[in-house]
Amino acid sequence: RSARGVCRVGGMVASGVFTPGKSNESAIVGALPPTLIVKPMSLNTHPELLARKQNVIDSMTGYMKFGGAADAEDPDFDPDFDAGYVQANIDSCAEILDSYLEALTEAVEGHDLEDDEDDGQAFNESILEAVKTVVQALNVLNEQCEGGLIETDQREQLCDLIQTAASEAGLDTEGEDITEEWREW
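The structure contained in this document is the topic of the report that follows. (Residues numbered from 1 in each chain as written. Predicted model: local features only at pLDDT ≥ 70, side-chain atom pairs only at ≥ 80, totals over all residues. Heavy atoms only, no water.)

## A closer look at the overall build of the protein chain
Regarding its fold elements, the protein chain presents five helices and three strands. Helices (α) and strands (β) of the protein chain occur, in sequence order from the N terminus, as β-β-α-β-α-α-α-α. A sequence separation of at least 24 residues applies to 63% of the contacts in the protein chain between residues at least 6 apart. Accessible surface for the protein chain amounts to roughly 10500 Å². Of this, 46% is attributable to carbon and sulfur atoms. (Helix = DSSP H or I, 4+ residues; strand = E, 2+ residues; numbered from the N terminus. Contact = heavy atoms within 4.5 Å. Areas by Shrake-Rupley, 256 points an atom, 1.4 Å probe, with all protein chains shown as cover.)

Right, here's the structure in full:
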């Protein structure tokens with residue numbers, strides 16, 4: 001029995017008629033039936049990615065305000081602590097991440113499933129170019145902060161966000177760190 005619904009495949013959201021137990025993914029990736037409408041999912045509004053981005057920003061902000069202390073009441077709190085960066089640097093980081101999510105969204109929107117003559121090679125390259133751009137922009141920003149903006153926790157969070165977003169866009173990361181080639185933090 002078929003049902004009308006929504007299906008997510010990589011970075012695409014498909015709505016239409018789906019049949020349980022049947023490979024609907026091949027119908028989505030192959031020739032599209034007229035009842036199936038596929039539209040790109042905006043990664044700038046993806047709840048999971050936004051939450052991951054906010055975790056990075058919150059982590060940077062917390063460290064800037066309290067250093068290693070949990071809050072201003074923590075006995076380890078040092079009011080004279082200098083993280084080596086300011087709110088404007090955190091805001092720049094947020095803008096860089098927003099630009100990355102927008103670049104991935106544009107890559108997904110520009111990818112024509114029916115015209116995919118190279119088995120997705122150009123599409124994968126456009127996603128990897130967005131990864132390279134975000135990593136290099138973060139390298140410059142972290143350098144401006146003398147290496148203090150992106151510490152171990154932030155590095156792990158940023159890598160997770162970058163890889164998850166690329167995967168949501170449709171890149172098969174095969175569990176490898178796709179940032180490592182360009183990352184200096």
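## Some points on the nonpolar core
The biggest cluster of nonpolar side chains holds 40 residues, and the ones touching the most others in it are M60, Y100, L138 and L149. Residue assignment for this core shows that the elements contributing at least two residues are α2 (47-66), α3 (87-110), α4 (121-144) and α5 (152-169). The element contributing the most residues to this core is α3, with ten residues. If we ignore the near neighbours within four places in the chain, the residues touching L149 are M60, Y85, N89, I90, C93, L141, N142 and Q154. (Core = buried A, V, L, I, M, F, W, Y, C linked by side-chain atoms within 4.5 Å. Buried < 20%, exposed > 50% of the residue type's maximum accessible area, 1.4 Å probe, protein only.)

## Description of the packing of aromatic side chains
Scanning the entire structure with this criterion turns up two aromatic pairs. Residues Y63 and F81 carry aromatic rings whose centres are separated by 5.2 Å and whose planes lie at 80 degrees to one another, so their mutual orientation is edge-to-face. Taken as a pair, Y63 in helix α2 and F81 in the loop between α2 and α3 lie far apart in primary sequence, 18 residues in all. Given a relative accessible area of 28%, Y63 falls into the partly exposed group. The partly exposed category is assigned to F81, whose relative accessible area is 29%. Residue placement shows R183 over the ring face of W185; its charged tip is 5.6 Å from the ring centre. (Phe/Tyr/Trp six-rings, centres within 6.5 Å; stacked < 30°, edge-to-face > 60°. Lys NZ or Arg CZ within 6 Å of the ring centre and 35° of its normal.)

## A look at the pattern of salt bridges
Side chains that differ in sign of charge can pair as their charged atoms come close. Using the criterion set out here, one finds four salt bridges in the structure. We note a salt bridge from R52 to E48, for which the minimum N-O separation is 2.5 Å. Linking R52 with E48, this pair stays in helix α2, spanning four residues, or about one helical turn. Owing to a relative accessible area of 22%, R52 belongs among the partly exposed residues under this scheme. Measuring nitrogen to oxygen at the nearest pair gives 2.6 Å for the salt bridge that ties K53 to D98. With K53 in helix α2 and D98 in helix α3, this residue pair connects regions lying 45 residues apart in the sequence. (Salt bridge = Lys/Arg side-chain N within 4 Å of Asp/Glu carboxyl O.)

## Considerations on α2
Its 20 residues place the ends of α2 28 Å apart at the C-alpha level, agreeing with the 28 Å of an ideal helix rising 1.5 Å per residue. L49, K53, V56, I57, S59, M60, T61 and M64 are the residues of α2 that are buried. On the buried face of α2, the contacting elements are α3 and α5. Immediately beyond the C-terminal end of α2, within one or two residues, lies G67, with a positive phi of roughly 60 degrees. (Expected span 1.5 Å × (residues − 1).)

## Re the environment of Q54
Here Q54 is to be found in helix α2. For the pair Q54 and A94, spaced 40 residues apart in sequence, the C-alpha to C-alpha distance is 8.5 Å. A distance of 2.7 Å separates polar atoms of two side chains, one belonging to Q54 and the other to D58. (Polar contact = N/O pair within 3.5 Å; in protein donor to acceptor, adjacent residues only side chain to side chain.)

## What about the environment of T179?
On the secondary structure map, T179 appears in the segment after α5. Judged by relative accessible area, T179 falls into the buried class, the value being 0%. For the pair T179 and L158, spaced 21 residues apart in the sequence, the C-alpha separation amounts to 9.5 Å. Not counting chain neighbours up to four residues away, the residues in contact with T179 comprise V131, V135, C159, I162 and Q163. At 2.5 Å, the side chain of T179 forms a polar contact with the side chain of D177. Of note is the side chain of T179, whose polar atom sits 3.0 Å from the side chain of R183.

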